[in-house]
Structures are given as structure tokens and as C-alpha cells.
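The lines below spell out each chain.
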Amino acid sequence: MGDENQKKFYKKVQLVTVNELGKIIYSDANLFSWNVNDSIYEAHPFFSIIESLKEAVSAQENEFTFPCVHLKEGKEASRICDVTFTVSYGEINIVIFDYTQAYLDLNKISQERNESIIKAQELEFTNRLLIEKENFKNDFIASINHELTTPLTSVKGFIELLEKTNLDYEQEELVKIIKTESDHLQNIFGDMFDISRIESGGFKLEEETFNLKELFSTIVNSNKGPIEKQALNFKTEIDNKLNAELIGDKTRLYQIISNLISNALKYTDEGFIKFSINRLSGKSSKQQIAIVVEDSGIGISEEDKAAIFESFSQLNPNIKGSGLGLNIVRSLVSLMEGEILLESKVGVGSKFTVVLSLKNASGEETEEVKHHYELPKGKKYRILVVENQLNTQYLLLKILLAQGSFFVDAVSSAEAAIKAIENREYKLIISDIKLDELTGFQLAQRIRNQYGDVAIKNIPILGISALRAPNMTNKAIAAGMDAFLSKPFSEKQLLQKVNRLIYLANHK
Amino acid sequence: MIKLSKKVALVGSFGVGKTSLFRRFIDNEFSTDYKSTLGVQIQKKVITMDNGIELSMILWDTEGHENISEGRSSYLIGSHAFVYVFDITRIDTYKEINTQIEFLKNHFPNAVIKIVGNKLDAVSKKKAIETLKEYSVQYDYLTSAKTGDYVEELFADIAVDVTN
């Protein structure tokens, strides 16, 4: 080692010797100006470790090294040192190596490494919290939806029954208002739940064969009344070149078109609403269609065009609605891998065009369209209703008994249902899904799996529920049910399902 | 007056807030900037306790390691107490905590051990408790070096335990 290097080296090292009491008996003061006769314990709290070292010393071990210790004297910056203690009888030799710069250089690497790991781990936790919040929100919405839909089913059902009684003019008008408001409430609940599922990514489209012309007629019929009531001209048109038998999510297609027509109706005071479906192009497997809803309403300005597809967006705050309709339309169209186009001029009107590519069905008409499943007159069928909501149970009884074709028994639990089917022959079971102990799904599984008697094992089962979970129909079928109906349902929807299931069971 | 000196080592994974707790307790200061601790920094805080004891608490703020046994073993020599700190918002800093605590108990059977979840300011206490329960984490304190919540209480508790 040359003289210069030797000097540099020694400037980075300090030798200190202390006695048993910690009094400094030698110090070269190269790094720290600790003086002979000073107490090492006063020099820095680190040196209080000496007491422990004296206890730890043994015949095998009398040297202890502490790497990377921050030592500081007065207001000077810390030095980062390796400190070695050699404990021998009566005195302790301390060698202090100053490696400040080397350690600081090394620390840059560990700082970067630590920062990146910390960020990743924090992000993981944040994601976890977000997922938990999202799940809670979705569960809450699903639960509240169920709680609200169940009484609404009764309200809507009883309104339908009330409509058929002898009402005077004023009562009829009041019933119409209640009906409109409950329909509106049902739409809001539906929108809330749909948007929640779409946003959370838990929304799945169903695939079924359906007849587009039939869907077109249904939509025209259900919207004709409200549109003409507003003294608007309802123009409708369907392309004759269309292959009507398609595969897709009929319910959601209905929802898209209904939302667009409902939106047009809200913003059109005079003139017309036009609904048309056109074939754009087609192959043997697929067909591209354009669904157009046009109106002569207030129109949408350029700056509002992007905003109207956002949640809770309403051009006119006085207009009733959840403000979710067009957002749902856009999301559903996107899930169907389609496109929505908007042309509009303020004061002239708006034109929404939905372009979708749908699979062609094999050509056979759908079962529901082809058949009407009329039950033979004069014959009566016994039905078991399994429903723990007494109002809904009462509603089902009223609707079914009013047809004159059914005997109806009602129970409130799956256990009671099992007893009933063992004692009496039923042609159909209508069961709620959310029962108290065994669920409707479990009841269906038990009936399908535990009975050798085909009269029990093969009873058709119609599941009903206000639960807004995805793929309820598929879940019901998987559990052994024959069909599923969401609450709230209309009398017509219920009877269609009931008649169909009994008809098919009797024509096997 | 009885004067005692006790070594308290802060250990745990990196970035959990050991230095922040150390600075909050010693100087009542907090910084949001993260600077990874290099080696060990040692400071003394003198506490006069209710029973008249003047306790010099020698705090060793050690650099973070996910696994204590991988750290510098000399830093642990002579510790009268350990504060095992984890970050409530980073599951990786506590999911193997029982192994770490076992290591300390086995090697330092007479030392006081306090298990502390830090960064309580970053998450609701309810959520923190639920998550820790999910991972079966037994803790002594949930603290926030940022707000100072439960920091004084933690070290006061240690002071009592190491002088008993």
C-alpha cells in the first residue's frame, strides 16, 4: 500500500479501546473526536450494546461485528460504519470502518427494489378492497332488488286482477295510474340491477332461438298504446328479406328496442316515432340487421350526444326515468358486439340505429311461437304452489283458480311440498327459488333424484323468483326444473308457462 | 431514582413503517417520503415512568427483511423487547407472521414481543380487523405513525413490560 492510499485508508478507520466500565482508554479520533477518559456510552447510544456483549462473550466467541451502523457525532451527518468489538479480559477493542459512500451507493438499488415491491403489494390490497366493495354492492343491489321485487309482484298481479272487476270510471283511472307507476318502478329496479351487473362484468348474454318478426310484433303491440295515447304517429316497418329465425338474447334485444322507443316517447311531444328493422347483409350462418328508432322530438345537441349514453344522464330533469336506459342500451349493444349510431338535430328529431350481427337459426320455428298450448276444455289439473311469500302465494292462487282449469294447493316450504307430492298427484309444481330452508333448486333436485315413482319424479316444475342472478333459467334447468319465470310476471306470462308445461307433459 | 437502560429493536418487512414509528416516538415527526433504512439507526429516548423509574429506551430501527433470519443477526443481540411491525395494507408483510414470531420467541425467550400493524390511517379499522382475522394474525396494537394513533401507548406498554 502506497503512503497516500495508506493515509486514505486510515482516515476511514478509527480504533478505540474502552475499559470494563466503558471509559475510553485509547482513541485515534480518525472519524469521531471521542477523547480518552470520556464514557463510550455517552458517545452514542449504540455503544450500550457493550453491556450485552460482555454477557455474550464466551471462549468460542469474543469478536462481534455490527455492519452498517449509523453513527453520528453532534450536528455532523451520520457515518455508516461497520463496527467490530473484540472483548477480552478487562478491555474492549473497537474498530470502526466508515463505509458511508459504499453503503449509500448500494442503497439506491434496494430503495428502487423496495419501492416497486411496496407499490405492487399495496395495489394488490387496494384491488382486494375494491373487489370486496364491488361484491358487497352487487350483493346489496341483488338483495334489495329481490326484497323490492317480491312485493311488487303482488302489487302488479293484484292490479291485473283488480282491472277485471267491476270498476267505475274513477276507479279505472286510479288503477291505471297505479299500474303505470308500478311498471315504472319495475323498470327502475331492473335498470339498477342491470347496470350494476354490467359494470361489474357479471352480466352474461343468453343464447336462444327466437323469431325476430314475432319479437317485432310484440314490441309494436306493447308500445302502440302509449305512443298513440300521446297523439303521435307510430310508424313501423320490417324488412321482408329478413330471415326471422335467429339465435341471440331475445330478452336483451327486446330491452334495447324498448329502451330506445321509451326514450323517443319521452322526448317527442308531436309528430312521429318510427321503429323499423332492416336486413343489411347476410350469410348462411349470420345476418346483419339494423334496428332503427327515429323520432320527431326535441333532438340532441352535438355537445349532449356523448353524454346521453352516460349513467344518470337526462336532457330534461323533469322527465321521469332512472337515466340509465341509454347507458344500458349502449352496454348491451357492446356486449352483443354491435354498434349504435346516433343522428340528431335540435328541434328536428333523433335517429338511433343499432347494427347487430346475429346467428341464423336452423330454420325451424321456435317452439313458443309455433304452439299456443291450449289445454282441453272441461278437464282440470292439480297444481302445487310452493311459495313462502303469502301475498305471492295468494296471487298465484287467484290467477290459477280464475282459469277454471286447475285445482291448486299451496304450501310455504320445500319440506311441506315433499309431503304434499307424496300424498297427492300433481300435474305441475310452481316453486319459488328462495324458500326458507331447502331452496326451490334443492326441492327440484330431490324430486328428480329421490323418487322411483315416475308420477312424482317427472312432475313438471316451474321455478319462479325475484332473484336477479345471472343465468337463472340455466340454473333452474340444471337443478331439474322445466322452466323459469322471473318475478314480477304478468298473468299472461304465467299462464303461457303453466299451459305449456302441462300440455307437454301430457303429450309425451 | 432507579435508572435502567433497555434495548428495543424494531423488526419486520421493509416499508412497513418501522422508521416512521421510530421517528414519531422519538421526535414526534412524520414524513410521507419512503426512504429504505440502511442497516440500523439507533437513538435513545428517556422516559420517566409513573413508578419513578427513569428508563433509557435504546431503540434500534433495523432495515426491513421479510424473513428475520435473513437479516443481520448481530442487530438482535441483547434486545429486551422486539416490536414486530407489519403493514396492514400489504398482506405479504403478515401472512407468514407466525413463523417470524416463533423465530423470535425461540431465540429470545425472555424478550418482550409486541406485534404491531401499522398504517391504520390507510384503511378502516373494521376492514383491518376483518383482514387480519382472515389471516389469523394475533396483534397487540394497530397504529398509525402518520397520525400518531396508538404510538405512545405502544411504547409506554413496552416500557412497563421491560421494567417489570
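Residues numbered from 1 in each chain as written. Chains lettered and ligands numbered in written order. Predicted model: local features only at pLDDT ≥ 70, side-chain atom pairs only at ≥ 80, totals over all residues. Heavy atoms only, no water.

Turning our attention to the overall build of chain B. Summing up its helical and strand segments, chain B has 4 helices and 6 strands in all. Mapped in sequence order, the helices and strands of chain B form the string β-α-β-β-β-α-β-α-β-α. Taking 164 residues into account, the globule formula puts the C-alpha radius of gyration at 15 Å, and chain B, at 15 Å, falls close to it. When its C-alpha atoms are laid out on the principal axes, chain B stretches across 45 × 30 × 30 Å. Counting over 164 residues, chain B shows a buried share of 54%. Residue pairs at least 24 apart in sequence account for 69% of intrachain contacts in chain B once pairs closer than 6 positions are excluded. Of the roughly 7400 Å² that chain B leaves accessible, carbon and sulfur atoms contribute 45%. On chain B, the mean spot of the 20 positive side-chain charges and the mean spot of the 22 negative ones are 1 Å from each other. (Helix = DSSP H or I, 4+ residues; strand = E, 2+ residues; numbered from the N terminus. Rg over C-alpha atoms; globule rule 2.2 N^0.38 Å. Buried < 20%, exposed > 50% of the residue type's maximum accessible area, 1.4 Å probe, protein only. Contact = heavy atoms within 4.5 Å. Areas by Shrake-Rupley, 256 points an atom, 1.4 Å probe, with all protein chains shown as cover. Lys, Arg positive; Asp, Glu negative; His and termini not counted. Charge placed at Lys NZ, Arg CZ, Asp CG, Glu CD.)

What follows covers the interface of chain A and chain B. In this assembly, 32 residues from chain A lie in contact with 34 residues from chain B. Taking both partners together, chain A and chain B bury about 2600 Å²; carbon and sulfur atoms supply 61% of that area. If you sort the residues of chain A by the area they bury against chain B, A:Gln121, A:Phe125 and A:Arg128 come out on top, with a joint share of 22%. One can count 3 salt bridges joining chain A with chain B. Note that B:Lys119 and A:Glu122 form a salt bridge whose closest N and O atoms lie 3.8 Å from each other. Our enumeration of links across chain A and chain B arrives at 14 residue pairs in polar contact (both at pLDDT 80 or more). Those elements giving two or more residues to the side of chain A that touches chain B turn out to be α3 (49-56), β3 (63-71) and α4 (100-163) of chain A. Sorting elements by how many residues they give to the side of chain A that touches chain B places α4(A) first, with 17 residues. In terms of residue class, the side of chain A that touches chain B is built from 16 nonpolar, 10 polar and 6 charged. (Buried area = accessible area lost by both parts, 1.4 Å probe. Salt bridge = Lys/Arg side-chain N within 4 Å of Asp/Glu carboxyl O. Polar contact = N/O pair within 3.5 Å; in protein donor to acceptor, adjacent residues only side chain to side chain. Nonpolar A, V, L, I, M, F, W, Y, C, P; charged D, E, K, R; others polar.)

What follows deals with a negative patch on the surface. All names here are of chain B. Negative charge collects at one region of the surface, where Asp121, Asp149, Glu152 and Glu153 lie side by side. Along the chain, the position of glutamate 153 falls in helix α4 (residues 151-163). Given a relative accessible area of 41%, glutamate 153 falls into the partly exposed group. (Patch = residues over 30% accessible without salt bridge, like charges linked within 9 Å, V, L, I, M, F, W, Y side chains within 5 Å.)

A word on the packing of aromatic side chains. Aromatic ring pairs are described here by two measures, namely the spacing of the ring centres and the angle between the planes. Enumeration according to the criterion identifies 19 aromatic pairs over all chains in this entry. For the ring pair A:Phe32 and A:Trp34, a centre distance of 4.6 Å and an interplane angle of 5 degrees mean the geometry is stacked. When sorted by exposure, A:Phe32 lands in the same class as A:Trp34, which is buried. A connected cluster of aromatic rings, assembled from ring pairs, spans A:Phe32, A:Trp34, A:Phe46, A:Phe47, A:Phe66, A:Phe85, B:Trp60 and B:Tyr75. (Phe/Tyr/Trp six-rings, centres within 6.5 Å; stacked < 30°, edge-to-face > 60°.)

Residues and elements named next belong to chain A. Membership of the largest hydrophobic core comes to 58 residues, with the highest contact counts inside it found for Phe46, Phe85, Ile94 and Ile96. Apart from the residues within four sequence positions on either side, isoleucine 94 is in contact with Gln14, Leu15, Val16, Val18, Ile40, Phe47, Ile50, Val83, Thr84 and Phe85. Of all hydrophobic cores here, the second largest spans 43 residues; its members include Val220, Leu246, Ile261 and Val329. (Core = buried A, V, L, I, M, F, W, Y, C linked by side-chain atoms within 4.5 Å.)

This part covers the domain arrangement of chain A. Residues and elements named next belong to chain A. Domain parsing of chain A yields domain 1 (3-98), domain 2 (128-200), domain 3 (208-360) and domain 4 (372-506). Each of domain 2 and domain 3 has a C-alpha centre, and these two points are 23 Å apart. Taken residue by residue, the interface counts 10 residues in domain 2 and 12 residues in domain 3. Contact between domain 2 and domain 3 buries roughly 840 Å² in total, counting both sides, with carbon and sulfur atoms accounting for 59%. Summed over the three residues of domain 2 that lose the most area to domain 3, namely Asp191, Ile195 and Ile198, the buried surface amounts to 53% of that side. At the surface where domain 2 touches domain 3, the tally comes to 1 salt bridge. Residue aspartate 194 is joined to arginine 252 by a salt bridge in which the shortest nitrogen-to-oxygen separation is 3.1 Å. (Domains from an automatic or database assignment.)

Residues and elements named next belong to chain A. Across the sheet, 5 strands lie side by side as β14-β13-β15-β16-β17; this open sheet has parallel pairing. Each of the sheet's edge strands pairs with one partner strand only, and the pair in question is β14 (406-411) and β17 (483-486). Each neighbouring strand pair of the sheet contributes to a mean axis angle of 20 degrees, computed without reference to strand direction. Pairing of strand β16 (residues 461-465) with β17, which is carried by 4 bridges, proceeds in the parallel orientation. By the bridge assignment for β17, leucine 462 is matched with alanine 483. Sitting on the sheet, helix α12 (residues 414-423) is in contact with β13 (381-386), β14 and β15 (428-432), with an inclination near 160 degrees to β13. (Pairing = 2+ DSSP bridges. Axes fitted to C-alpha atoms, helices over the stretch in contact; angles between N-to-C directions.)

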